[in-house]
Amino acid sequence: MTNPIFVAVDTPDIAAARALVRAVGRHVGGVKLGLEFFCANGPAGVAAIAGEGLPVFLDLKLHDIPNTVAGALHSLAGLAPAIVTVHATGGLAMLAAARAAAPVATKVVAVTVLTSLDDDDLAAAGVASGTAAQVARLAGVVRAAGLDGVVASPHETAAVRAAWPGAAIIVPGVRPAGSAVGDQKRVMTPRDALAAGASVLVIGRPITGAPDPAAAAAAIAASLSA
Ligand code: C5P
């Protein structure tokens, strides 16, 4: 089994990011770089981290008109990220344009409902059906647009996997048994998230905030095959 753990490197500090990747690289399958890192270091920073040799998940959550999102993906094409994110609420045409503009080998996956939103937030935006139904509805749009998969909370993973067997399902909010939950509300252990159907486990602070990040990553990797 290829290692499904992508370590979330949430820092603007490129030296710290590089040091962390060098420390944990043997124990993870890839690196997730998000807006904090990208806004500070740009494509050159992403290329520098990619140069460490691990697949890069570029979590930019693009959301704009189709032409602009396609242009953004053309601009990023030289980085050849393993995974890139867009927002499902951008609509079918935007999603299809994103898939067409990205390199063939790049998985384009969509965020359905941000985990920071609850049913009240959706109702305020005119969505009365609640989070679970909205995730399922948007996952159908993402699939119809020809994307590779979705980002899903651990508790949505099994339902998405059942409805879309071939999806790449990227799962954050994963916490090893006994670790601090932090601001993640709906967590699951790495092993349970895999069993629910996750393709990729995004794990940040349980690794990056550990006294020994390499040991933490190794322990999580071992827990998946134990
Ligand atoms: O530190 P932690 O393990 O909570 O990091 C999870 C990573 O996944 C962070 O980079 C966070 O921004 C991201 N993420 C998330 N929930 C989502 C989408 C992305 O926690 N729905």
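The structure this text deals with has already been given above.
Residue indices follow the written sequence of each chain, beginning from 1 at its first position. Restriction of local features to residues with pLDDT of at least 70 applies here, the model being predicted, together with a cutoff of 80 or more for giving and counting side-chain atom pairs; totals for whole chains, interfaces and linings are based on all residues. For the side-chain quantities, the full set of heavy atoms in the structure was used; hydrogens and water were omitted.

Student: Can you help me understand the site of the ligand in this one?
Tutor: Surrounding the ligand, one finds 13 residues, the nearest of these being Asp10, Arg175, Gln184, Gly204 and Arg205. In the analysis that follows, any N or O atom pair within 3.5 Å is treated as a polar contact, provided that within protein one partner can donate a hydrogen and the other can accept it, and provided that, for residues neighboring in sequence, both atoms belong to side chains. Take Thr115: an N or O atom from its side chain is 3.1 Å from a nitrogen atom of the ligand. Arg205 places a main-chain nitrogen or oxygen 2.7 Å from an oxygen atom of the ligand. Surface exposure here means Shrake-Rupley accessible area, sampled with a 1.4 Å probe, where a residue is shielded only by the protein chains that are shown. Notes on the ligand: free accessible area 460 Å², of which the protein chains cover 84%. Think of it this way: any DSSP run of H or I at least four residues long counts as a helix, any run of E at least two long counts as a strand, and we number them from the N terminus. Elements with a minimum of two residues in the shell around the ligand: strand E8 (200-203) and helix H9 (205-208). Ten residues, namely Ala, Val, Leu, Ile, Met, Phe, Trp, Tyr, Cys and Pro, are considered nonpolar, four, namely Asp, Glu, Lys and Arg, are considered charged, and the remaining ones, Gly among them, are considered polar. Of the residues that constitute the shell around the ligand, the class distribution is five nonpolar, three polar and five charged. Nearness here has a simple test: a residue counts as near a molecule or strand if at least one of its heavy atoms is within 4 Å of that partner.

Student: Please clarify how helix H2 (residues 35-50) should be interpreted in this entry.
Tutor: Structurally, the α-helix is built with 3.6 residues per turn, so residues lying three or four positions apart point the same way. To estimate how far a helix should extend, the number of its residues minus one is multiplied by 1.5 Å. Under the 1.5 Å per step criterion, the end-to-end length of H2 is only 16 Å for 16 residues, more than 12% shorter than the ideal 22 Å. Here the bend at a residue means the angle between the axes of two seven-residue stretches, the one that ends at it and the one that starts at it. Along H2, the sharpest change in direction is near 110° and occurs at Gly42; proline Pro43 comes one to four residues later. Contacts were defined at the residue level, with two residues in contact if any of their heavy atoms lie within 4.5 Å. Where H2 is buried, its residues meet strand E1 (5-9), helix H1 (14-24), strand E2 (30-34), strand E3 (56-62) and helix H3 (66-76).

Student: What should I look at first to understand the packing of H3 against helix H4 (residues 92-101) in this one?
Tutor: The description of two packed helices rests on the angle between their axes and on the distance between the axes. Geometry is summarised by axes, namely lines fitted to C-alpha atoms with helices restricted to the contacting stretch, and by angles between N-to-C directions that run from 0 to 180 degrees. Interaxial distance between H3 and H4 falls to 8 Å at its minimum, and their mutual angle equals 20°. Viewed along their axes, H3 and H4 adopt a mutual orientation that is roughly parallel. Between H3 and H4 lies a crossing whose hand is right-handed. For the pair H3 and H4, contact is made by Pro66, Val69, Ala70, Leu73 and His74 and by Ala93, Met94, Ala97, Ala98 and Ala101, respectively. Among the residues forming the contact of H3 with H4, the class breakdown is nine nonpolar, one polar and no charged. Angle categories are assigned with fixed cut-offs, so that under 35 degrees is roughly parallel, over 145 is roughly antiparallel, 65 to 115 is roughly perpendicular, and the rest are oblique. Handedness of each helix crossing follows the sense of rotation of the near helix against the far helix: counterclockwise by less than a right angle gives left-handed, clockwise gives right-handed.

Student: What am I meant to see in the side chain of Thr157 here?
Tutor: Checked against the element boundaries, Thr157 lands in helix H7 (residues 154-163). The contact partners of Thr157, leaving out residues within four places of it in the chain, are Ala152, Ile169, Val171, Ala193, Ala196, Gly197 and Ala198.

Student: What should I look at first to understand the sheet that holds E8 in this one?
Tutor: Strand pairing in a sheet relies on backbone hydrogen bonds. The paired strands run either parallel or antiparallel. What makes two strands pair is DSSP finding at least two bridges between them. Overall, parallel pairing links the eight strands, which are arranged E1-E2-E3-E4-E5-E6-E7-E8 in a closed barrel. Each strand axis lies, on average, 25° off the axis of its neighbour in the sheet, ignoring direction. Pairing of E1 with E2, which is carried by four bridges, proceeds in the parallel orientation. When the sheet's bridge partners are listed, Val9 is paired in E2 with Leu33. With respect to the sheet, helix H10 (residues 213-225) is in contact with E1 and E8, its orientation differing from that of E1 by roughly 150°.

By themselves, these observations are geometric and do not establish any function.
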